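Commentary on secondary and tertiary structure
The primary structure of each chain is shown beneath.
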Amino acid sequence: MTTTEVPADPGDPAEVWVGRSPTPPDPARLLADLQAAVAALLAADPAEWCLDELESAIPQLHQVANQTAAVQARVLASYDARGGAQIAGARGTSDWLATTVRIPPGHAGWWVHTARALRDHLPATADALADGQISLDHVRVIRAARRQLGEVFDLVEQQVAGFAREHCVRDLRGFLDLLIQNYTPDPDHDTETARQRRRANLSTGLDGWWHLTGFLDPATGAALAAALDIYAEPTGPHDDRSAGTRNADALAEIATRALDTVDRPTGIGHITLTLTPDQLATGLGVRWPCGLLASRTDVRTASCSAHVTYVVGTPVDDIHWKPLAVGFAERYATRAQRAALAVRDGSGCVHPGCTVPAHRCIAHHIQHWDHGGPTNLNNLVLICVYHHRRIHHGRLTIVRTSDGRCTTASTRAPP
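Note that the structure is predicted; figures quoted are calculated from it, not measured.

**Remarks on the pattern of salt bridges**
Going through the model one piece at a time under the given rule, you end up with eight salt bridges. Notably, a salt bridge pairs D131 with R165, separated by 2.9 Å at the nearest N-O pair. With D131 in the loop between α6 (123-130) and α7 (136-149) and R165 in helix α8 (residues 157-166), this pair connects stretches of sequence that are 34 residues apart. Residue classification places R165 among the partly exposed positions, given a relative accessible area of 28%. Of the charged contacts, one joins R146 and D154 as a salt bridge, the two residues approaching to 3.0 Å between their closest N and O atoms. Within the structure, one salt-bridge network assembled from shared partners comprises D239, R241 and D249.

Written out as structure tokens, the structure reads:
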């Protein structure tokens, strides 16, 4: 039988012959072309692009990244199915992938399981990823739902993938949560079982810094996020702390306020510092109950906080302590004094531009309390936790205005 030869389209990488199967594309050539295109984009300077070009490039790049992830999953699934990792001498595909591309084993395992799921159980999701319409984050949420519902999920996977194409990950998660509630026989049991995964771990390292890790259930996470929204707000236009730093300071303030509500001089819920008269005067050599050394700034700021009690005395030995004084009379502002300060100081922190309200401020002694400063209105001023620490660190000082009010001023000389 004779065949008619048709010239290949110059733009088609594969030559097509009538009566024969298309010539498969060369993977090495395709990857080389892709790398060349990426290299060309990297060599370009986006600063020279116009705004329209930048605006159109960003969603296109996200789409290409999603499509590239789809290719990665397909290639990995094929390699896994053929036992390529074992032939190469690895225990499994995850171990081979972690070693080859230098990613954590857990992440490598996620990739392998995701590639298998897209190939075997999530065809509509795989198509949406190949079209670049959804991201790997969408795939992660869909996979989690499939694990919970099992084969039942296969009946609605097409609809779920269609929803994912048009919605963000957060909306998709809400949609799937509702779906799981409808299909799961005992959703309350599953919710409580999942809630057992919650944890919070706090430990101190060799350098004296504390490490906080955890995993929170949705309700607890939402409550903490709402609290951080309140306490981690910038204090004003000159607050240059990062979001992470403000969150850490917010946790410190939340812990301090919780301790302030517990009226017990010793034991759980209260911090007791033992120090000598010299240490009280200098702030040097004071240690926290865990044994770590407190900075001079920590000692000064702690003296203004009601959740810390000073026990001034002399050590008898490494264990016993002979107290000379416990606390000081009228050390903290009364409720009436704080109300008067809120009226006098404008209902909040006196630092210019600070937006922290009075109920979150500290009644700071202008003449320091352990230097003989009295606890009266003329010697008190409302200051937020952040600016209070800057005062004790020597960055700010309290000054009085011409009308007798208090404000802060930088201790640095103007340029």
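**Notes on the packing of helix α4 (residues 93-101) against helix α5 (residues 105-120)**
In the contact formed by α4 and α5, the axes pass within 8 Å of each other and the chain directions differ by 125 degrees. In this view, α4 runs oblique relative to α5, as classed from their interaxial angle. In terms of crossing hand, the pair formed by α4 and α5 is right-handed. Contacts between α4 and α5 involve T93, S94, L97 and A98 on the former and, on the latter, P105, A108, G109, W111 and V112. Considering only residue class, the contact of α4 with α5 consists of six nonpolar, three polar and no charged.

**Re a nonpolar patch on the surface**
A surface patch of nonpolar side chains, about 580 Å² in accessible area, is lined by L202, W210, L212, L216, L224 and L251. Examined against the element boundaries, L216 turns out to sit in the loop between β2 (210-215) and α11 (218-231). L216 gets classed as partly exposed once you look at its relative accessible area, which sits at 40%.

**Side note on the nonpolar core**
Judged by nonpolar contacts, the single largest core of 35 residues is most densely connected at I142, F153, V160, L172 and L176. Listed by contribution, the elements that provide at least two residues to this core are α2 (51-81), α4, α5, α6, α7, α8 and α9 (169-183). No other element matches the seven residues that α5 contributes to this core. Those residues in contact with F153 that lie beyond four places of it in its chain are L122, I142, A145, R146, V160, L176 and L179. Grouped together as the second largest cluster of nonpolar side chains are 19 residues, A342, C349, V350 and L382 included.

**Concerning the pairing of strand β6 (residues 362-365)**
Residue alternation in β6 divides its side chains into two sets, I362 and H364 and A363 and H365, and both sets are buried. Bridging between β6 and strand β7 (residues 380-383) involves four bridges; their strand directions are antiparallel. Its bridge partner being in β7, H365 is matched across the sheet by L380.

**Details of the side chain of D239**
Mapping D239 onto the fold places it in the loop between α11 and α12 (243-260). Within the local environment of D239, its side chain forms a polar contact with the side chain of R241, the two groups lying 2.7 Å apart. Once residues within four sequence positions are removed from consideration, D239 is found in contact with P234, R246 and Y386.

**A short note on the packing of aromatic side chains**
Scanning all chains against the criterion turns up three aromatic pairs. Ring centres of W110 and W111 lie 5.7 Å apart, and the angle between their planes is 75 degrees; on these two criteria the pair is classed as edge-to-face. Overall, W111 belongs to the buried group, its relative accessible area being 10%. Pairing F163 with F175 gives two aromatic rings, centres 4.2 Å apart and planes at 10 degrees, and the pair type is stacked. A residue pair is termed long-range when its members are at least 10 positions apart, and F163 in helix α8 and F175 in helix α9 qualify at twelve residues. Between R140 and the ring centre of W110, over which it is positioned, the NZ or CZ distance is 4.4 Å. Sitting over the face of the ring of Y386, R241 holds its NZ or CZ atom 4.1 Å from the ring centroid.

**Things to note about α6**
The element α6 is largely enclosed, with a buried count of six among its eight residues. Of the positions making up α6, those classed as buried are A124, T125, A126, A128, L129 and A130. Along its buried surface, α6 packs onto α2, α5, α7 and α8. Positive backbone phi, at 80 degrees, marks G132, one or two positions downstream of α6.

**Topic: the packing of α7 against α9**
Between two packed helices, both the angle of their axes relative to each other and the distance between the axes serve to describe the pair. In the contact formed by α7 and α9, the axes pass within 10 Å of each other and the chain directions differ by 5 degrees. With respect to α9, the element α7 is oriented roughly parallel. Within the contact between the two elements, α7 uses D137, H138, V141, I142, A145, Q148 and L149 and α9 uses V169, L172, R173, L176, L179, I180 and Y183. The residue inventory of the contact of α7 with α9, partitioned by class, reads ten nonpolar, two polar and two charged.

**With respect to the side chain of R241**
Looking at the secondary structure, you find R241 in the loop between α11 and α12. Using a relative accessible area of 14% as the deciding quantity, one classes R241 as buried. Side-chain polar atoms of R241 contact the side chain of D249, separated by 2.7 Å. Discounting residues that sit within four places of it in the chain, R241 has contacts with E233, T235, R246, D249 and Y386.

**Some details on the confidence of the model for the protein chain**
For the protein chain, per-residue confidence averages 79 on the pLDDT scale, and 77% of positions sit at 70 or higher. Put simply, helix α10 (residues 187-195) is where the protein chain has its lowest mean pLDDT, 54, and α6 is where it has its highest, 97. The low-confidence segment residues 1-20 (pLDDT under 50) makes eleven contacts with residues lying over four places distant or belonging to another chain. When the criterion is pLDDT under 50, residues 262-269 qualifies, and its contacts beyond four places in sequence or with other chains add up to seven contacts.

Parameters and conventions
Residues numbered from 1 in each chain as written. Predicted model: local features only at pLDDT ≥ 70, side-chain atom pairs only at ≥ 80, totals over all residues. Heavy atoms only, no water. Salt bridge = Lys/Arg side-chain N within 4 Å of Asp/Glu carboxyl O. Helix = DSSP H or I, 4+ residues; strand = E, 2+ residues; numbered from the N terminus. Buried < 20%, exposed > 50% of the residue type's maximum accessible area, 1.4 Å probe, protein only. Axes fitted to C-alpha atoms, helices over the stretch in contact; angles between N-to-C directions. Parallel < 35°, antiparallel > 145°, perpendicular 65-115°, else oblique. Left-handed = near helix turned anticlockwise from the far one by under 90°. Contact = heavy atoms within 4.5 Å. Nonpolar A, V, L, I, M, F, W, Y, C, P; charged D, E, K, R; others polar. Patch = residues over 30% accessible without salt bridge, like charges linked within 9 Å, V, L, I, M, F, W, Y side chains within 5 Å. Areas by Shrake-Rupley, 256 points an atom, 1.4 Å probe, with all protein chains shown as cover. Core = buried A, V, L, I, M, F, W, Y, C linked by side-chain atoms within 4.5 Å. Pairing = 2+ DSSP bridges. Polar contact = N/O pair within 3.5 Å; in protein donor to acceptor, adjacent residues only side chain to side chain. Phe/Tyr/Trp six-rings, centres within 6.5 Å; stacked < 30°, edge-to-face > 60°. Lys NZ or Arg CZ within 6 Å of the ring centre and 35° of its normal. pLDDT = per-residue confidence, 0-100.

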